[in-house]
Amino acid sequence: MKNLETKMRQSGEELLDLLKALAHPIRLKIIVDLINDEVDAERHCSSFGLTVTKATRSHHFKILKDSGLIAHVDRGNRSFARLRRVELEALYPGLLSLLKNNYQQCINLSS
């Protein structure tokens, strides 16, 4: 029983981290852009057209990676982001569709 409680607490914390990551409009835009890309597409962090400093951009990508939304792909001296689409659909069925279909409403709520 204790093991089940621990697993439930951990999965609740993981979900909370994921929702916190999605709560920021810049991070939400990054995720929706990745959702709209081809499956397993990798994008350089500068390709999202974000109007923030490099340090701020790196901070947002770190939060997305730490929350499990994206994977960091290292290609020599360049790094790319890839949406963890398969894993996210398995853990949270329908989440990516919800974000894609309701992106504008989400932005309006977070502003």
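Described in the following lines is the structure provided in the data block.

The rules behind the values
Residues numbered from 1 in each chain as written. Predicted model: local features only at pLDDT ≥ 70, side-chain atom pairs only at ≥ 80, totals over all residues. Heavy atoms only, no water. Helix = DSSP H or I, 4+ residues; strand = E, 2+ residues; numbered from the N terminus. Buried < 20%, exposed > 50% of the residue type's maximum accessible area, 1.4 Å probe, protein only. Contact = heavy atoms within 4.5 Å. Areas by Shrake-Rupley, 256 points an atom, 1.4 Å probe, with all protein chains shown as cover. Pairing = 2+ DSSP bridges.

### Comments concerning the overall build of the protein chain
Right, so step 1: The helix and strand inventory of the protein chain stands at 6 helices and 3 strands.
Right, so step 2: In sequence order, the secondary structure elements of the protein chain are arranged as α-α-β-α-β-β-α-α-α.
Right, so step 3: Of all 111 residues assigned to the protein chain, the portion counted as buried reaches 33%.
Right, so step 4: Contacts in the protein chain between residues at least 24 apart in sequence constitute 58% of all its contacts with a sequence separation of at least 6.
Right, so step 5: Counting every atom, the protein chain has about 7200 Å² of accessible surface; 54% of that belongs to carbon and sulfur.

### Overview of the pairing of strand β2 (residues 70-75)
Right, so step 1: In this structure, β2 lies alongside strand β3 (residues 78-83), joined through 6 bridges in antiparallel fashion. For Arg-75, the partnering residue across the bridge sits in β3 and is Arg-78.
Right, so step 2: Counted between consecutive antiparallel strands, the loop separating β2 from β3 contains 2 residues, among which Gly-76 sits at a positive phi close to 70°.

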